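Each chain, written out:
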Amino acid sequence: MFDLYGRGWQMLEGGFVTIQLCLSVLPFMIIIGLLGASAKLSSFRLLRIIGESYTVIIRGIPELLVILLIYFGGTIAIQNLAEWMSGEETRVDIPAFWSGVAALALVQGAFASEVFRAAMQSIPVGQIEAATACGMTPRQIFLRIKLPQLWRFALPGLNNLFQVLIKDTALISVVGVEEIMRKAAIGAGTEKAPFTFYLVAMLMFLAFTTISLFVFNRLEKRAARGIARA
């Protein structure tokens, strides 16, 4: 059942690419989520409209379509820009890996913005009012009051998002990135053993999600140490 016909190392290489995708997307997802949440809670109406429009549009489009639009549309846009700047015909190819990172960051960032928005609203208003009364600027309030507590409230939601992110990396195979699913599909087609290769892919994804779940649970417990003792 687990005879991979000498393709075990290729599956491991696919697993390494999947990990690279996840770790590359994570910081962008957090940054986009923080920016989106800040925009949605902003006192400026235009920023609120932009934040709400972004989350509504991205959350309403299948992830696969976002990946394809960024991969093909991004290539066309950058190529046209390069031709306009150089004045001559130019061919530009965007690496499929970074197209996938951009697409997943946009998608997960929309969901992360809701996680961070809820986390920001969970911070007691009295703390913000006290900081304002002490003469702290909005920047100081965010850095010294909101941000240190934000992670404790956001970690459970980020935990769920990271689990989804690991599984969504399988979609990047459609643009040729050789992650787990792409390697499994190649092996299944070449060796005529689809059940074996897709079963191994399933076990690899299950291992990654289990490990990430353990890590995030540890982070949640660490972030709540003072609260638990209180």
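Structure shown above.
Definitions and cut-offs
Residues numbered from 1 in each chain as written. Predicted model: local features only at pLDDT ≥ 70, side-chain atom pairs only at ≥ 80, totals over all residues. Heavy atoms only, no water. Phe/Tyr/Trp six-rings, centres within 6.5 Å; stacked < 30°, edge-to-face > 60°. Buried < 20%, exposed > 50% of the residue type's maximum accessible area, 1.4 Å probe, protein only. Helix = DSSP H or I, 4+ residues; strand = E, 2+ residues; numbered from the N terminus. Salt bridge = Lys/Arg side-chain N within 4 Å of Asp/Glu carboxyl O. Axes fitted to C-alpha atoms, helices over the stretch in contact; angles between N-to-C directions. Parallel < 35°, antiparallel > 145°, perpendicular 65-115°, else oblique. Left-handed = near helix turned anticlockwise from the far one by under 90°. Contact = heavy atoms within 4.5 Å. Nonpolar A, V, L, I, M, F, W, Y, C, P; charged D, E, K, R; others polar.

**Student:** Explain the packing of aromatic side chains here, please?
**Tutor:** Geometry of an aromatic ring pair is reported as the spacing of the ring centres plus the angle between the planes. Taken as a whole, this structure holds four aromatic pairs when the rule is applied. Look at Phe97 and Trp98: their rings are 5.2 Å apart centre to centre, the planes differ by 85 degrees, and that puts the pair in the edge-to-face class. Its relative accessible area of 47% is what places Trp98 among the partly exposed residues. When the centroid spacing of 5.7 Å and the interplanar angle of 90 degrees are considered together, the rings of Phe116 and Trp151 count as edge-to-face. Remark: Trp151 occurs in helix 6 (residues 138-168) and Phe116 occurs in helix 4 (residues 96-122); sequence separation between them is 35 residues.

**Student:** What should I look at first to understand unusual backbone geometry in this one?
**Tutor:** Working note: non-glycine residues mostly have negative phi, and peptide bonds are mostly trans. A positive phi angle, close to 55 degrees, is found at Lys192, a residue other than glycine. Mapped onto the elements, Lys192 comes out in the loop between helix 7 (180-191) and helix 8 (194-223). The exposure class of Lys192 is exposed, given its relative accessible area of 69%.

**Student:** Hey, could you run me through the pattern of salt bridges in this one?
**Tutor:** Pairs can form between side chains of opposite charge whenever their charged atoms are close. Within the structure shown, the criterion is met by seven salt bridges. In this structure, Glu114 and Arg59 form a salt bridge, with 3.9 Å as the shortest nitrogen-oxygen distance. Taken together, the residues Glu114 in helix 4 and Arg59 in helix 2 (residues 45-59) connect sequence positions 55 residues apart. Residue Arg117 is joined to Glu114 by a salt bridge in which the shortest nitrogen-to-oxygen separation is 2.8 Å. With Arg117 and Glu114 both in helix 4, this residue pair falls three residues apart, about one helical turn. Through salt bridges with shared partners, one network takes in Lys40, Glu52, Arg59, Glu114 and Arg117.

**Student:** Honestly, the packing of helix 3 (residues 63-86) against helix 4 in this entry has me stumped. Any pointers?
**Tutor:** Between two packed helices, both the angle of their axes relative to each other and the distance between the axes serve to describe the pair. Contact pair helix 3 / helix 4: the axes reach a minimum separation of 9 Å and the direction vectors enclose 135 degrees. On the basis of the axis angle, helix 3 is oblique to helix 4. At the point where helix 3 passes helix 4, the crossing takes the right-handed sense. Residues Glu63, Val66, Ile67, Ile70 and Tyr71 of helix 3 form the contact with helix 4, whose participating residues are Ala96, Ser99, Ala102, Ala103, Leu106 and Val107. Here the residues of the contact of helix 3 with helix 4 sort into nine nonpolar, one polar and one charged.

**Student:** Honestly, the side chain of Ser99 in this entry has me stumped. Any pointers?
**Tutor:** Here Ser99 shows up in helix 4. Setting aside chain neighbours within four positions, we find Ser99 in contact with Ile70, Tyr71 and Ile94.

**Student:** What am I meant to see in the packing of helix 1 (residues 8-40) against helix 4 here?
**Tutor:** For the pair helix 1 and helix 4, the least separation of the axes is 5 Å and the interaxial angle reads 45 degrees. Taken together, the axes of helix 1 and helix 4 lie oblique to each other. Crossing of helix 1 over helix 4 shows right-handed handedness. Counted by class, the contact of helix 1 with helix 4 contains 18 nonpolar, eight polar and three charged residues.

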